[in-house]
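What the coordinates show
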Amino acid sequence: MAPNAKVTEALDRIKAVPSEEQGPEFESILANIKTLSTPTTAIDDLTTIANSFLQAGLGVVSTRNVLSTFISTLRDLKNEEMWVEVGSRTLSLIAQQPSSYLHDAVASLRELIATAQENNEDFLEAARTLAEIPLDNSQRKVTDEDKARIWVRIVRNYLEVDDSTAAEMFINKLKNIMHDVSDPELTLHFQLSQARILDAQRNFLSASQRYHEISFSPSIAEEERLHTLAMAIKCGILAPAGPLRSRHLGRLYKDERASQLGEFGILEKMFLDRLLAPAEVAKFAEDLLPHQLATTSDGSTVLAKAVVEHNLLGASKLYRNIRFEALGELLGLDADKAEETTARMIEQGRLVGRMDQLENIVWFEGGEASGEKGSGRAEVIVGKEMRTWDANVQGLAEDVEQVTNALQKEFPDFVAANLMVR
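This text gives an overview of the structure that appears in the document. Just so we're clear, the structure is a prediction, and the values are computed from it rather than from any experiment.

1. Focus: the overall build of the protein chain
Helices and strands together make up the secondary structure of the protein chain, namely 21 helices and three strands. Projected onto the principal axes, the alpha-carbon positions of the protein chain cover approximately 130 × 50 × 40 Å. Counting over 422 residues, the protein chain shows a buried share of 44%. Long-range contacts, defined as pairs at least 24 residues apart, comprise 59% of the intrachain contacts of the protein chain with a sequence gap of at least 6. Accessible area for the protein chain stands at about 23,000 Å²; split by element, carbon and sulfur atoms hold 50% of it. Treating the 45 positive side-chain charges of the protein chain as one cloud and the 65 negative ones as another, the clouds have centres 2 Å apart.

2. Some thoughts on the sheet that holds strand β3 (residues 361-364)
Note: strands within a sheet are paired through backbone hydrogen bonds, in either parallel or antiparallel orientation. One open sheet holds the three strands; their spatial order is β1-β3-β2, and the pairing between them is antiparallel. Here the strands that pair on one side only, and so sit at the sheet edges, are β1 (321-323) and β2 (353-356). With strand direction ignored, the average angle separating the axes of adjacent strands in the sheet is 20°. As paired elements, β2 and β3 share four bridges and run antiparallel to each other. Bridge pairing links Gly353 to Phe364 in β3. Of the strands in this sheet, β1, β2 and β3 touch helix α18 (residues 324-331), which is tilted by about 90° from β1.

3. Describing helix α10 (residues 164-175)
In this model α10 runs 16 Å from its N-terminal to its C-terminal C-alpha over 12 residues, within 8% of the 16 Å that 1.5 Å per residue would give. For α10, the set of buried residues is Ser164, Ala166, Ala167, Phe170, Ile171 and Leu174. In a view along the axis of α10, the buried residues occupy a sector of 155°, so they form one face of it. Buried-residue contacts for α10 involve α8 (123-131), α9 (144-160) and α11 (184-200).

4. Considering the pattern of salt bridges
Summed over the entire model, instances satisfying the criterion amount to 19 salt bridges. Note that Lys269 and Glu280 form a salt bridge whose closest N and O atoms lie 2.9 Å from each other. Taken together, the positions of Lys269 in helix α15 (residues 264-271) and Glu280 in helix α16 (residues 278-285) put the pair 11 residues apart, joining distant regions of the chain. A residue is classified by how much of its surface remains accessible, and Lys269, at 23% relative accessible area, is partly exposed.

5. Topic: the packing of helix α14 (residues 243-254) against α15
For the pair α14 and α15, the least separation of the axes is 10 Å and the interaxial angle reads 135°. By the angle between their axes, α14 is oblique relative to α15. Handedness of the crossing formed by α14 with α15: left-handed. Packed against α14, whose contacting residues are Arg245, Ser246, Leu249, Gly250, Leu252 and Tyr253, the element α15 presents Phe264, Leu267, Glu268, Met270 and Phe271 at the interface. For the contact of α14 with α15, the per-class residue count stands at seven nonpolar, two polar and two charged.

6. So, helix α1 (residues 5-15)
Among the residues making up α1, those that are buried are Val7, Ala10, Leu11 and Ile14. Relative to the axis of α1, the buried residues are bounded by an arc of 95° and lie together on one face. Facing away from the buried side of α1, by more than 90 degrees, are the exposed residues Ala5, Arg13 and Lys15. Contact partners of the buried residues in α1: α2 (22-31), α3 (33-36) and α4 (42-55).

7. Focus on the packing of aromatic side chains
Inspection of the entire model under this criterion finds five aromatic pairs. With centroids separated by 5.6 Å and ring planes inclined at 5°, the aromatic side chains of Tyr253 and Phe264 adopt a geometry described as stacked. Of this pair, Tyr253 sits in helix α14 while Phe264 sits in helix α15, placing them 11 residues apart in sequence. In this structure Tyr253 comes out as partly exposed when scored by relative accessible area, which is 23%. Residue class for Phe264 comes out buried when judged on its relative accessible area of 18%. Judged by centre distance (4.6 Å) and plane angle (25°), the rings of Tyr253 and Phe271 are stacked. Placement of the pair is Tyr253 in helix α14 and Phe271 in helix α15, with a sequence separation of 18 residues. A relative accessible area of 27% places Phe271 in the partly exposed class.

What counts and how
- Residues numbered from 1 in each chain as written.
- Predicted model: local features only at pLDDT ≥ 70, side-chain atom pairs only at ≥ 80, totals over all residues.
- Heavy atoms only, no water.
- Helix = DSSP H or I, 4+ residues; strand = E, 2+ residues; numbered from the N terminus.
- Buried < 20%, exposed > 50% of the residue type's maximum accessible area, 1.4 Å probe, protein only.
- Contact = heavy atoms within 4.5 Å.
- Areas by Shrake-Rupley, 256 points an atom, 1.4 Å probe, with all protein chains shown as cover.
- Lys, Arg positive; Asp, Glu negative; His and termini not counted.
- Charge placed at Lys NZ, Arg CZ, Asp CG, Glu CD.
- Pairing = 2+ DSSP bridges.
- Axes fitted to C-alpha atoms, helices over the stretch in contact; angles between N-to-C directions.
- Expected span 1.5 Å × (residues − 1).
- Arc of directions from axis to C-beta.
- Salt bridge = Lys/Arg side-chain N within 4 Å of Asp/Glu carboxyl O.
- Parallel < 35°, antiparallel > 145°, perpendicular 65-115°, else oblique.
- Left-handed = near helix turned anticlockwise from the far one by under 90°.
- Nonpolar A, V, L, I, M, F, W, Y, C, P; charged D, E, K, R; others polar.
- Phe/Tyr/Trp six-rings, centres within 6.5 Å; stacked < 30°, edge-to-face > 60°.

By themselves these figures say nothing about function.
Here it is, written out as structure tokens:
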């Protein structure tokens, strides 16, 4: 569509003005753009104006001033479609100029375009737009705080489309400068982004620890603190069962705010090593994010794997030994899968025990595993079970003797009449 006739006439009149006086004339057109233009021609009108003053040879200072006014005018029109279209066209026009002195304007235009894209939920394009902002240029001084503000926005946009790989690249850049950033809001967004990346990468224990730290931040509202605590609990529950998770679940369980949340029931059962019923697990799964329900390499979901490992730890507190077939029935697995899961947890130091594959039995040794690889394997001690049995019988006999002596001392007549004491 051709530009509005009024805009064309105004631009033609400027051509008759000396170049050193054209800057204010362009600014005057921009100030009256709502009168000169119409909604249907506004995009073409603004593009034509941008092309005119960029081609006019106004000089460095005048071009900067007019371009700054142009961007302010575009922003004030509050039309997101126009921000994207006019902003993109203007960037193309600037790219055709020897524009080394226009880096600030380029940055402002890209931020404006990205804002429109974010509002339209076009997060991937917003991230790409922001990533092209010149931040490491010798001709443009950019503070660490300004860099952090842009990089945090990029990270958050990539996370909105679940691209944790790209987000992590910018998080790594942020790690190098955040010690010089004093803005508490930026620091909070940085920490939250770190937690979300760990969460997306299924590093649930570290993600839970980060979420829990953020849940104490006074910079966010109470409702948001509770939401972040809920995320910490979810990730803690999904983390691999073992001593590290047990200690962290203990911290979450002892947080007095946790009892207000719907996730507290399953947290309590996990902390107390109680077995989880399928109905409880299904209810908990309703509030999980898609990546938290993703299928792992062995065909099970992240949640199913976490529940099986937890129930296996719970079984180790209930049983001294158990056959693989019975253990599989308890865990909802076949005997081979139960054996494989048990062997992996013992090997990784998350469960203390030993396996007798000839008898298809696992022996739980009790105690807490250290979490170090290989530390869960218990040594087979010859005659250990018999000695344990003997010790138990001896202890029972000693207890009976103590009770009998106490009765004889307190009630000698009753003992003489009813008990035979040797």
